[in-house]
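Chain by chain, the residues run as shown.
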Amino acid sequence: MSRKLIIAANWKMNKGPAEVAAFLETFLGAAGELAEQADLVIAPNSLSIPTASALINDINPAIGLAAQTVSENENGAFTGETSTDMLKELFVNYVILGHSERRSIYGETNAQINAKIKKTLAADMTPIFCIGETLAEREGGQLEAVLSSQIKEGLEGVSDISNLVMAYEPVWAIGTGVTASAQQAQDTQKFCRSVVEELYGAEAAAAVRIQYGGSVKGANSAELLGQPDIDGALVGGAALEADSFLELIRNAVA
Ligand code: 13P
């Protein structure tokens, strides 16, 4: 089965509205044809989403817009949170969930991530569901157990994953300049797909797109995204500049 690549920029806590506008003024025009070859998504911080939304709608509506997290609750007394209703009003169509920074810095648990995935799916937006092991877990022989429980607990009670993207991000490769080798990433993502198959059957497992994330850049995107079980990238540092993100995308789709 051929799966369309999906390449997303996760800007984390970078770029206010002015910087987002400057990036998109370069990126949106240049990304025109590339957006036919791969699904392209940007994930600004929530304050910059209105600016991004307006520019995407004006210049290139094929580009996807993601939030970096969302509340699992309906509108109400949840100080500091953002709801799916608010994101939908701004035409956000993806939500990154379970990123390792949310897990490790803000203590998000598999159960909370599960609730957010359900809320996002119920709002007709696509979760980008992140999983990944630490170096200690990998070296301690727990790689498969950790990923398997993140996947199973994160998807508990989710009956349909046709509108869900996964992202495998080894924690030790995020922002470190250390990339998993293409073979390591391929082997691990093949394992993740086998867990999906156990839960949802062969057809769903063959259809689900799994991105790789962790120090992806122009110089390695072709090799990584050329692996059979790697269907895209979730990019931090190399997506902060329009030119380097465009180069990464061009090399991957070539
Ligand atoms: P880097 O590309 O900076 O390693 O970040 C990866 C990441 O965490 C994307 O979500």
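Residues numbered from 1 in each chain as written. Predicted model: local features only at pLDDT ≥ 70, side-chain atom pairs only at ≥ 80, totals over all residues. Heavy atoms only, no water.

J.: How do you make sense of the packing of aromatic side chains when you look at a structure like this?
T.: To describe a pair of aromatic rings, you give the distance between the ring centres and the angle between the ring planes. According to the stated counting rule, one finds 4 aromatic pairs in the structure shown. Ring geometry for F23 versus F27: centroids 5.3 Å apart, planes at 40°, classification tilted. Linking F23 with F27, this pair stays in helix α1 (residues 17-30), spanning 4 residues, or about one helical turn. Like F27, F23 is buried. Geometry around W11 places K15 over its ring, the cationic atom sitting 5.5 Å from the centre. (Phe/Tyr/Trp six-rings, centres within 6.5 Å; stacked < 30°, edge-to-face > 60°. Helix = DSSP H or I, 4+ residues; strand = E, 2+ residues; numbered from the N terminus. Buried < 20%, exposed > 50% of the residue type's maximum accessible area, 1.4 Å probe, protein only. Lys NZ or Arg CZ within 6 Å of the ring centre and 35° of its normal.)

J.: Any chance you could explain the site of the ligand here in plain terms?
T.: Close contacts around the ligand come from 13 residues, with K12, H99, G175, S215 and G237 the closest. At 3.0 Å from an oxygen atom of the ligand is found a side-chain nitrogen or oxygen belonging to N10. At 2.6 Å from an oxygen atom of the ligand is found a main-chain nitrogen or oxygen belonging to G175. Out of a free accessible area of 300 Å², the ligand has 94% covered by protein chains. Judged by its atoms lying within 2 Å of the grid points, the ligand is housed in the second largest pocket. (Near = heavy atom within 4 Å. Polar contact = N/O pair within 3.5 Å; in protein donor to acceptor, adjacent residues only side chain to side chain. Areas by Shrake-Rupley, 256 points an atom, 1.4 Å probe, with all protein chains shown as cover. 1 Å grid on protein atoms, 1.4 Å probe; cavity = no way out; pocket = protein on both sides within 12 Å on 5 of 7 lines; lining within 4 Å. Sits in = over half its atoms within 2 Å of the grid points.)

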